[in-house]
Amino acid sequence: MDTTVHLAQQDEADELLGRSALAALTGMLLDQQIPMEWAFTGPYTITRRLGATDLDAHEIAAYDPDAFTALFVEKPAVHRYPGSMAHRVQQLCRYLVEHYDGDASAVWADAKTGAELLKRLQELPGFGKQKAQIFLALLGKQYGVTPKGWREAAGAYGEVGSYRSVADITGPDSLAKVRAHKQEAKRAAKAAKATKET
């Protein structure tokens with residue numbers, strides 16, 4: 001992997017995300033209940049605290065859980081919920097070691113179709129259907145991973161010209177558009193809920 005991304009909106013963090021499959025997967029895993037750019041800065045923060053230049057699934061899988069959690073808790077915290085997310089990152093790395101010999105890019109390298117890739121992503125710990133579809137769209141739109149039918153498998157997140165998710169963030173302007181879309185979706189969901197309750 002060697003691509004230019006602007007997911008973290010921070011040069012060093014984005015450089016890591018552009019060259020490291022595990023960093024990109026980890027950023028996607030962390031992307032919940034915190035701002036997107038905070039989530040995607042997480043892999044760089046973890047890498048620095050490990051004293052490394054990249055994340056290593058074997059190293060993280062074997063790391064002492066308490067010590068790994070301490071890396072997440074250290075200020076500034078890697079996530080709003082550092083303990084549970086440290087556990088999830090280790091779970092993800094153990095799965096990658098067990099099923100893909102620790103190589104995150106192997107999850108998508110030989111996937112023949114979008115449906116097959118979506119299935120593989122959904123099998124990863126911490127990846128439900130929505131997260132898997134968003135990551136599939138990110139791979140297709142920004143990392144050049146485009147197996148047959150990838151847009152269809154990614155659902156609405158695969159649409160051309162949409163601003164629905166991190167898959168569509170290429171800079172500050174698109175980040176603002178994605179934020180606006182998410183806020184509008186939240187408003188609509190609240191309004192629908194209120195209508196149901198009356």
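Residues numbered from 1 in each chain as written. Predicted model: local features only at pLDDT ≥ 70, side-chain atom pairs only at ≥ 80, totals over all residues. Heavy atoms only, no water.

J.: Before we go on, may I ask you to explain the overall build of the protein chain in this structure?
T.: A tally of regular secondary structure across the protein chain gives 11 helices and zero strands. Of the regular secondary structure in the protein chain, the N- to C-terminal order runs α-α-α-α-α-α-α-α-α-α-α. Radius of gyration (C-alpha) of the protein chain: 17 Å, near the 16 Å computed for a compact globule of 198 residues. The dimensions of the protein chain, computed from C-alpha atoms along their principal axes, are 50 × 40 × 30 Å. (Helix = DSSP H or I, 4+ residues; strand = E, 2+ residues; numbered from the N terminus. Rg over C-alpha atoms; globule rule 2.2 N^0.38 Å.)

J.: Quick question: what am I supposed to make of the environment of Arg 19 here?
T.: Within the element layout of this structure, Arg 19 appears in helix H1 (residues 11-19). Reaching out from Arg 19, the side chain makes a polar contact with the side chain of Glu 15 at a distance of 2.8 Å. (Polar contact = N/O pair within 3.5 Å; in protein donor to acceptor, adjacent residues only side chain to side chain.)

J.: So what exactly am I meant to see when it comes to the pattern of salt bridges here?
T.: When their charged atoms lie close together, side chains carrying opposite charge are able to pair. Per the counting criterion, the structure on display carries nine salt bridges. For the salt bridge of Arg 19 with Glu 15, the shortest nitrogen-to-oxygen distance reads 2.8 Å. Taken together, the residues Arg 19 and Glu 15, both in helix H1 and four residues apart, mark about one turn of the helix. The partly exposed category is assigned to Arg 19, whose relative accessible area is 32%. Glu 15 gets classed as partly exposed once you look at its relative accessible area, which sits at 43%. Each of Asp 110, Glu 116 and Arg 120 takes part in one network of salt bridges that share partners. (Salt bridge = Lys/Arg side-chain N within 4 Å of Asp/Glu carboxyl O. Buried < 20%, exposed > 50% of the residue type's maximum accessible area, 1.4 Å probe, protein only.)

J.: Got a minute to help me understand the packing of helix H2 (residues 21-30) against helix H3 (residues 36-49) in this structure?
T.: Any two packed helices are characterised by the angle at which their axes cross and by the distance between the axes. Interaxial distance between H2 and H3 falls to 7 Å at its minimum, and their mutual angle equals 130 degrees. What the angle tells us is that H2 and H3 run oblique. Along this stretch, H2 crosses H3, giving a crossing that reads as right-handed. Side by side, H2 and H3 meet where Ala 23, Ala 24, Thr 26, Gly 27, Met 28 and Leu 30 of the first sit next to Ala 39, Phe 40, Gly 42, Pro 43 and Ile 46 of the second. Residues of the contact of H2 with H3, tallied by class, amount to eight nonpolar, three polar and no charged. (Axes fitted to C-alpha atoms, helices over the stretch in contact; angles between N-to-C directions. Parallel < 35°, antiparallel > 145°, perpendicular 65-115°, else oblique. Left-handed = near helix turned anticlockwise from the far one by under 90°. Contact = heavy atoms within 4.5 Å. Nonpolar A, V, L, I, M, F, W, Y, C, P; charged D, E, K, R; others polar.)

J.: Honestly, helix H8 (residues 114-123) in this entry has me stumped. Any pointers?
T.: Among the residues of H8, those classed as buried are Gly 114, Leu 117, Leu 118, Arg 120 and Leu 121. End-on view of H8: buried residues confined to an arc of 160 degrees, all on one side of the axis. Looking at H8, the residues exposed on the side facing more than 90 degrees away from the buried face are Ala 115 and Lys 119. Looking at the buried positions of H8, the neighbouring elements they touch are H2, helix H6 (82-100), helix H7 (106-109), helix H9 (129-142) and helix H10 (150-153). (Arc of directions from axis to C-beta.)

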